[in-house]
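One-letter residues, chain by chain:
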Amino acid sequence: MNRIHYFLPGVLLVVVSACVTTGVKPTAPPQQGIYLDHLNSQARGSADWFGDLDRERTKLKKTYKGTVAPELATYLEKDVYLVESDGIEAYHRKILDRLLTGWEGPRPEVSFIFESDENMNAYVDVYNQIHVSTGLLRSVENEDQLASVLAHEISHVLLKHNQQKSASKVIPWSIEMAGTLSVAAAGIAYNKDKKQKYADYAEKAVIGSQSLGMAWSDMLAPSWSRNYEREADRLGLDLLIRADYNYEQFYATIEKLHDASLRRSARQEYFMGMTVAALKGSKSKFYKGDPNDKKDKMLGDLKYLAASSFAALTFNKIAQANVEHDTREQRIDAIKTYLGEAYDGGDLPPEADVTSYKKVLRQGSASRILDADLAAIKTIKALNEKDVSTAKRQTKSLGWGFNGAVNSVGIAQSSYKTAVQRQPDSAIKTLRRLTQSEFAPAEAYVKLSDLYLQKRDPESAKQVLHQGINRIGRKYRFLPNLVSAHKMAGETKQAEDYVIECQEHNPERNMNLAQRALAGTKKSKGGYYSYCTKKLGYDVLARREQEARRQAQQRKANTPESVKKASEKLDKMLKGLFN
Ligand SMILES: [Zn+2]
């Protein structure tokens, strides 16, 4: 009968995985002396200092089997927009090399990911990928400030913090959950037509959108323990000093990053507020049966409470994880104290290098890329907010040539052409250019296939969806459109099989949960399945069950009486045996 479906226990499933680092474990910083010297004495000649780096990658390879490295595919699938620039990358490598002059252990294997984000952000993930936001590249004022950020992040790698705890391990799906809730809630905020309200955010919540990638990456930045942060600050300072950088720029960088993290918390609060508003808006959906019946009302209250607490818990968990344990003053004080004790106050630092920084990031192609990216971010935001005039203004500075190398530009441009100019053919051209890049986000293939489907061209749609699958290596994001394409092509069996695959995506239950939490319903077959079913036009599992029942009945009717009796006898015998 009336069963209570809790959304709450999901949160409790959040598993903090234990640390299983192989290799040599670094010891805590010494009371006196220079941390880097202390660490070098342990890491020098230790070939397995970093342990088995491939372990995490191998795990991920089971899920992402495409041509793109799985550790990158996982970000592309979530629509994190990448910026590819040889110039920007080479500059980071050069700085990193210089920072490692003082390091005597084995060389860490590191890669860089440049992400479109108007905020200042940098973090290192469990695969030794240092993520640097384009906002950070636009905010720093000299090479020494950029070096300070990288010194801190590479210190987490040298100290192997990222092997012991990663955001993706600690909050494996509440991050995605929060991202989904955020997007769903934002969908309500942006949609002025009330009738369209649910259709809009439900769609966004299931298939994701450009803002999902941003919300996701916003919340993904791992937060280490207070001690880890202090260790990374100390070691970072050592690396800066040994590399002859102006270590005083470290303080300026901390100020900037701190402001960015305050803005991040403000955004999370906004998302939280939107989610609560969304839940309130759909509150009536939690109630079934007789509104005057005490029991029905109580059950509704309970379900509503569970959903709200679930949202609150998820956000709290993330807010907690993102809290900077030390205030910026405490952090700067701690670094200064360390400088005083280990370096006798330190020598006069060299001048900060503004020239090199300007040459690489403020002139030439890198600077054009960074400007175009900012215009793209603003265009996408304006389109989300249905602010056409701002979108129009921003598209003018998109820098049309960059859509292959800068994902955000291609997405902004094609979205503008589709939503404002209503020129699908031109949008198709843009998206085709964008998907020429191996590092296009999943969204690009999905949007392109949408446009082909609108043109009633299922073959091209299928082709582009499979291109996405071949690269990212997982069908998940592409399934709903595969259903539509095969249905349009008259290939019912394939379309049905893809719907069933939607049902099999249990790990993505967070998406379903988010939808259910917001809609206040509990559909037995889950959100993603329902979504794919809508594309097919009928519930294939229900139909197949019905067909199986009908066949079983027919078999029963066709079975001769004697055989039936014998089989009943056998049943009884077997039951007796096992009871
Ligand atoms: Zn850190």
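Conventions adopted
Residues numbered from 1 in each chain as written. Predicted model: local features only at pLDDT ≥ 70, side-chain atom pairs only at ≥ 80, totals over all residues. Helix = DSSP H or I, 4+ residues; strand = E, 2+ residues; numbered from the N terminus. Buried ≥ 20, exposed ≤ 12 C-beta atoms within 10 Å, placed from the backbone. Contact = placed C-beta atoms within 7 Å. pLDDT = per-residue confidence, 0-100. Pairing = 2+ DSSP bridges. Axes fitted to C-alpha atoms, helices over the stretch in contact; angles between N-to-C directions. Left-handed = near helix turned anticlockwise from the far one by under 90°. Nonpolar A, V, L, I, M, F, W, Y, C, P; charged D, E, K, R; others polar. Parallel < 35°, antiparallel > 145°, perpendicular 65-115°, else oblique. Expected span 1.5 Å × (residues − 1). Core = buried A, V, L, I, M, F, W, Y, C linked by C-beta atoms within 7 Å.

## Quick notes on the overall build of the protein
Within the protein, the regular secondary structure consists of 29 helices and three strands. Buried positions account for 46% of the 579 residues belonging to the protein. Of the contacts formed within the protein by residues at least 6 apart in sequence, a portion of 72% connects residues at least 24 apart.

## Structural notes on the confidence of the model for the protein
Of all residues in the protein, 73% have pLDDT values of 70 or greater, and the mean over the chain is 80. By mean pLDDT, helix α1 (residues 9-12) is the weakest element of the protein at 32, and helix α23 (residues 458-472) is the strongest at 98. Confidence drops under a pLDDT of 50 for residues 166-173, and excluding neighbours within four residues, the segment shows 17 contacts in the predicted structure. In this model residues 189-211 is a low-confidence stretch, pLDDT under 50, and it forms 42 contacts with partners more than four residues away in sequence or in other chains.

## Quick notes on the sheet that holds strand β3 (residues 129-133)
If you walk across this open sheet you meet the three strands as β1-β3-β2, and the pairing is mixed. The sheet is open, and its two edges are formed by β1 (111-115) and β2 (122-124), each paired on a single side. Sheet twist, expressed as the mean angle between neighbouring strand axes with direction ignored, is 20°. Pairing between β2 and β3: three bridges, direction antiparallel. Paired with V124 across the two strands is I130, which belongs to β3.

## A word on the pairing of β3
With respect to burial, β3 is a largely interior element, four of its five residues being buried. What sits between the antiparallel neighbours β2 and β3 is a turn of four residues, in which N128 has the positive phi angle 60°.

## Regarding the environment of H161
Note on placement: H161 falls in helix α8 (residues 161-164). Since 23 C-beta atoms lie within 10 Å of it, H161 is described here as buried. Put simply, H161 and D125 are 36 residues apart on the chain and 9.7 Å apart in space, counted from C-alpha to C-alpha.

## Quick look at unusual backbone geometry
Unusually for a residue other than glycine, D79 sits at a positive phi of about 60°. Looking at the element boundaries, D79 is found in the loop between α4 (70-77) and α5 (86-99). Positioned with a positive phi, R456 is a non-glycine residue whose angle comes to about 55°. Take R456: it is sitting in the loop between α22 (442-454) and α23.

## Comments concerning the packing of helix α18 (residues 364-384) against helix α20 (residues 407-419)
Put simply, α18 and α20 touch, their axes get as near as 8 Å, and they point 40° apart. The hand of the α18/α20 crossing is left-handed. Two secondary-structure elements touch here, α18 through A372, D373, A376, I377, T379, I380 and L383 and α20 through S408, V409, I411, A412, S415, Y416 and A419. Here the residues of the contact of α18 with α20 sort into ten nonpolar, three polar and one charged.

## Here we look at the environment of K378
Along the chain, the position of K378 falls in helix α18. The exposure class assigned to K378 is buried, which follows from the 21 C-beta atoms found within 10 Å. Along the sequence, K378 and S408 sit 30 residues apart, while their C-alpha atoms lie 9.9 Å from each other.

## Notes on the packing of α18 against helix α19 (residues 388-395)
Taken N-terminus to C-terminus, the directions of α18 and α19 make an angle of 160°; their axes are 8 Å apart at the nearest point. Regarding the angle of α18 to α19, the classification is roughly antiparallel. Once α18 is placed against α19, the crossing between them reads as left-handed. Together, A375, K378, T379, A382 and L383 of α18 and T390, A391, Q394 and T395 of α19 make up the contact between the two elements. Of the residues in the contact of α18 with α19, the class split is four nonpolar, four polar and one charged.

## Re α5
In this model, α5 (14 residues) spans 20 Å end to end at C-alpha, consistent with the 20 Å of a helix rising 1.5 Å per residue. As for α5, its buried residues are in contact with β1, α7 (143-158), α13 (226-242), α17 (354-362) and α18.

## Quick notes on α20
Given 3.6 residues to a turn, an α-helix orients residues that are three or four positions apart in the same direction. Under the 1.5 Å per step criterion, the end-to-end length of α20 is 18 Å for 13 residues, consistent within 8% with the ideal 18 Å. Within α20, twelve of the 13 residues are buried, leaving the element largely enclosed by the surrounding structure. Residues N407, S408, V409, G410, I411, A412, Q413, S414, S415, Y416, K417 and T418 constitute the buried set of α20.

## Focus: the nonpolar core
In this structure, L99, L150, L240, Y445 and C532 are the most contacted members of the largest nonpolar core, which totals 110 residues. Those residues in contact with C532, other than ones at most four positions away along the chain, are L479, P480, V483, Y498, V499 and C502.

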